[in-house]
Structure formats: structure tokens, C-alpha cells
Amino acid sequence: MKRVLVKSVFDAFEYVMQHYYPAGMEDMVEKADTYAVISIQDTHTGGFGLTFTENRFCKGVLTLYFDDVIREVEGAVAFTDEMAEQVIAFIDDHKTVDTLLVHCYAGQSRSRAVGAFAVKMLGGDNAGYFTSGAPNQYVYDVLESAWIRHLLS
């Protein structure tokens, strides 16, 4: 994996559409890298009405439904250990793609936490995720704890 991109849902859609070309016009494609998507969707709306699917360039999609909370909140769904294990397995299974695309609604909190974790899991320096934004610390901590358990098992 060459890079991890963290985007809003709007920017993630734009990135994916850069891989589109009309039938028979492959030379018109703007981007031809392979990617995998971690799509983080809100539960209170039942998602964003946008679903990513595998195709020639997209080699995998993990869609998770949880809200941007840092503790239990009535009516909201918090990130869980099971979701963390899914993220770890997904990243591990898709190491050969060029790009990991992670999105949530705004691309600032939940996806930033998952992106920061992915960079660390892949052996990179994720400090920039914390100095230039505000990842959801709860999501990041759950992922890090799950990763430690994974390494010890």
C-alpha cells in the first residue's frame, strides 16, 4: 500500500469517479491505481445513500455503521472491538492495493482516526494526523487496543 487517503464522503465519491471511463474509452481514465475503501457511515440516517462496490480498480470495500461519539450516547452507535477487528483484517487483506481510501461524513474525526491507525499498522509515521486535525480518540484507542491483542495472539 503506497498511501492512505482520508476524505469526506463527497471527496471520496470524487476520488472514485476519477477512476471512471466511458465504455471503450479506457485511455480517458484519470486515475488507474487500485484502491480499497473503508466507508464509515452514520447510523441515525441509515447511511449516506452511497454504497461503494468492487470493480476493476476497487479491490475491496468495508462498510461500517457507527457514529462520531466518544462514549455511549442514547440513539448513537459507538465504535466496537468487533469493528476494530474488521478494520485490522481488511487492512491486512488489502496491503497490495495502491491506496486505502477511508471516508466518513466530513473526513475529520472517525475516518481520520482509522487513517492514522492504518498508517501506524503499516509501519508509517501517523503524527501528522494528530497535529493537523482531530481524530476521534476513542476510535483510535479501540483500534490500537485491538491491534495489540492481535499481535499478542
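Above this note sits the structure.
These figures come from a predicted structure and were not determined experimentally.

About the thresholds
- Residues numbered from 1 in each chain as written.
- Predicted model: local features only at pLDDT ≥ 70, side-chain atom pairs only at ≥ 80, totals over all residues.
- Heavy atoms only, no water.
- Helix = DSSP H or I, 4+ residues; strand = E, 2+ residues; numbered from the N terminus.
- Rg over C-alpha atoms; globule rule 2.2 N^0.38 Å.
- Contact = heavy atoms within 4.5 Å.
- Lys, Arg positive; Asp, Glu negative; His and termini not counted.
- Charge placed at Lys NZ, Arg CZ, Asp CG, Glu CD.
- Expected span 1.5 Å × (residues − 1).
- Disulfide = S-S within 2.5 Å.
- Buried < 20%, exposed > 50% of the residue type's maximum accessible area, 1.4 Å probe, protein only.
- Pairing = 2+ DSSP bridges.
- Axes fitted to C-alpha atoms, helices over the stretch in contact; angles between N-to-C directions.
- Polar contact = N/O pair within 3.5 Å; in protein donor to acceptor, adjacent residues only side chain to side chain.
- Patch = residues over 30% accessible without salt bridge, like charges linked within 9 Å, V, L, I, M, F, W, Y side chains within 5 Å.
- Areas by Shrake-Rupley, 256 points an atom, 1.4 Å probe, with all protein chains shown as cover.
- Salt bridge = Lys/Arg side-chain N within 4 Å of Asp/Glu carboxyl O.

Asker: Can you tell me about the overall build of the chain, naming the residues and giving the values?
Answerer: A count of helices and strands for the chain gives five helices and four strands. Tracing the chain from N to C terminus, the helices and strands come up as β-α-β-β-α-β-α-α-α. Computed over the C-alpha atoms, the radius of gyration of the chain is 15 Å, within 12% of the 15 Å expected from 2.2 N^0.38 for a compact globule of 153 residues. Over its C-alpha atoms, taken along the principal directions, the chain stretches across nearly 50 × 35 × 30 Å. Pairs at least 24 residues apart make up 67% of the contacts formed inside the chain by residues separated by at least 6 positions. Across the chain, 12 positive and 21 negative side-chain charges occur, with their mean positions spaced 6 Å apart.

Asker: For helix α2 (residues 81-93), give the residues involved together with the corresponding values.
Answerer: The terminal C-alpha atoms of α2 lie 18 Å apart, and with 13 residues this matches the ideal 18 Å at 1.5 Å per residue to within 8%. Check the buried side of α2 and you find it contacts β2 (35-41), β3 (58-65), β4 (99-104), α3 (110-121) and α5 (137-152).

Asker: Requested: an account of the state of the cysteines, with residues and values cited.
Answerer: Tallied over the full model, the rule gives zero disulfides. Cysteine Cys 58 is unpaired, with the sulfur of Cys 104 as its nearest cysteine sulfur at 18 Å. Overall, Cys 58 belongs to the buried group, its relative accessible area being 1%.

Asker: Give me the lowdown on the sheet that holds strand β1 (residues 3-8), citing residues and values where you can.
Answerer: With respect to topology, four strands assemble into an open sheet ordered β1-β4-β2-β3, the strand pairing being parallel. Here the strands that pair on one side only, and so sit at the sheet edges, are β1 and β3. Across the sheet, the mean angle separating the axes of adjacent strands is 15° when strand polarity is ignored. Across the sheet, helix α1 (residues 9-17) lies against β1, β2 and β4, angled at about 125° from β1, the strand it touches most.

Asker: I'd like to hear about the side chain of His 19, residue by residue, with values.
Answerer: Among the structural elements, His 19 can be located in the loop between α1 and β2. On the basis of relative accessible area, His 19 is assigned to the buried category, the value being 5%. Here Tyr 15 takes part through its backbone oxygen, which lies 2.9 Å from a polar atom of the side chain of His 19. The residues contacting His 19, other than those within four sequence positions of it, are Val 29, Lys 31, Ala 32, Asp 33, Tyr 35 and Phe 57.

Asker: Please provide a residue-by-residue account of a nonpolar patch on the surface, values included.
Answerer: On the surface, Phe 13, Met 17 and Tyr 20 cluster together into a nonpolar patch covering about 320 Å² of accessible area. Assignment of secondary structure puts Phe 13 in helix α1.

Asker: Can you explain the pattern of salt bridges? Please cite residues and give values.
Answerer: Tallied over the full model, the rule gives six salt bridges. Among the salt bridges present, the one from Asp 92 reaches Lys 95, with a minimum N-O distance of 3.0 Å.

By themselves, these figures tell us nothing about what the structure is for.
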